[in-house]
Amino acid sequence: MMLTQMLTMLSLYCVESVDSLDRLARIAAFASSPYGSALDRHYKPFNPVLGETFDAVRPEEGYCVVVEQVCHHPPVTAMHCIGQGWELWQEYKLETRFRGNYIRVIPTGIVHLSMGRHRYSWNKPQTTIHNIMFGRLWLDHEGEVVVQNHTNGEKASVHFQNYKAQGSSYKQLRGCVKDASGVEKIKLEGNWQEGMACFPVGQSDQKRTIWKSFPKPANSSKLFGYTRLGLQLNQLPSAISGEAICGSDSRLRPDQRLYEEGQVDQAASEKMRIEDKQRAAKKLREHSGTTWQPRWFAPESDPDTKTSSHVYQGGYWAAKKQNQFTDTPDIF
């Protein structure tokens, strides 16, 4: 969900960036930007229920996003976002590896972006959460994020380095943008907590900032590390707004709502009830020989990356506008 905070940047890039290499540099910054908000967000989240959804409509920033939990084992979340002149979608799934006092999270889904006639995709770095058994929790990221322009062959790469390899400067980012012939044209540098700058190769005096991190609230560490936007995402639409909300939306999830209100014991009881209900529904499907089918997304192959992922099938926003969410599963 925190990705929504970064989408405002993307809408600006569509208007401001004309040169394809410059645009690719900015998209590489966008691909790097979510990781700054990961600091102090190493708490175990509520596990999404199969079929759970979420939407965010941000007319003032020019985009809307819908998310659905399409698989429970392994957990897979599908997301689709549309803005002014661009469309972004991804399937978020991951592998986890426990290694004594740390856990490594390995995202395996690909992010896709369509902007005008240009089609992009990129992978994600690995994240390691340290001191899960004892000591103060902290995290770092590692790996190469490669942003590919499938329309013209241009490519950008950003290198994340872990603490073991880089020491105290482990948050630094280094990268470049190459033209279709593989020649470096733009250098990228920055810090995944603070921002990113770029400059033409050999012209460091022309360095300019292309992404700067949003500051978190002063008491963010006491609020599970959320950003200002993150703190707003569980708010229900007001009755005055008349905004419809799908019955499977996570903002209607009672255990999450109770926990937010500080009713921890009641939240734990509701969480157990919801999980028992999910297990019972699974047994009924197995007994009847049916399989779960996501409501808004379906698996499709991508011709550019030659990978398969759940892709939005349409209909959600029309249903929201008419307040007619039919065939919504009763999951809460």
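In the block above lies the structure referred to throughout.
As the structure is a prediction and not an experimental result, all values here were calculated from the model.

Colleague: Account for the environment of G85, naming residues and giving values.
Modeller: In this structure, G85 sits in the loop between β3 (76-83) and β4 (86-99). Counting along the chain gives 22 residues from G85 to Y63, while the straight-line C-alpha distance between them is 9.9 Å.

Colleague: Give me the lowdown on unusual backbone geometry, citing residues and values where you can.
Modeller: It is generally the case that most residues other than glycine have a negative phi and that most peptide bonds are trans. With an omega dihedral of -5 degrees, the bond running from H73 to P74 counts as a cis peptide bond. Relative to the assigned elements, P74 resides in the loop between β2 (63-71) and β3. Phi angles above zero are rare outside glycine, and N131 is one such case at about 65 degrees. Here N131 lies in the loop between β8 (126-130) and β9 (138-149). Not every positive phi belongs to a glycine, and N323 is a case in point at roughly 55 degrees. Mapped onto the fold, N323 is located in the segment after α6 (316-322). N323 sits in the exposed class, given a relative accessible area of 53%.

Colleague: Any details on helix α5 (residues 264-288)? Residues and values, ideally.
Modeller: When the terminal C-alpha atoms of α5 are compared, their 36 Å separation across 25 residues agrees well with the 36 Å that a helix rising 1.5 Å per residue should span. Those residues of α5 that are buried are in contact with α4 (254-260). Once α5 ends, the next one or two residues include G289, with phi positive near 75 degrees.

Definitions and cut-offs
Here the residue numbering is sequential within each chain, running from 1 through the sequence in written order. Predicted model: local features are reported for residues with pLDDT of at least 70 only, side-chain atom pairs are reported and counted for 80 or more only, and whole-chain, interface and lining totals are derived from all residues. Hydrogens and waters are ignored; side-chain quantities use all the structure's heavy atoms. The secondary structure listing takes helices from DSSP runs of H or I that are at least 4 residues long and strands from runs of E that are at least 2 residues long, numbered from the N terminus. With a 1.4 Å probe rolled over the protein chains alone, any residue whose accessible area is under 20% of its type maximum counts as buried; one over 50% counts as exposed, and the rest are partly exposed. Expected span of a helix: the number of residues minus one, times 1.5 Å. Any two residues whose heavy atoms approach within 4.5 Å at even a single point are treated as in contact.

Any functional reading would require information beyond the geometric quantities listed.
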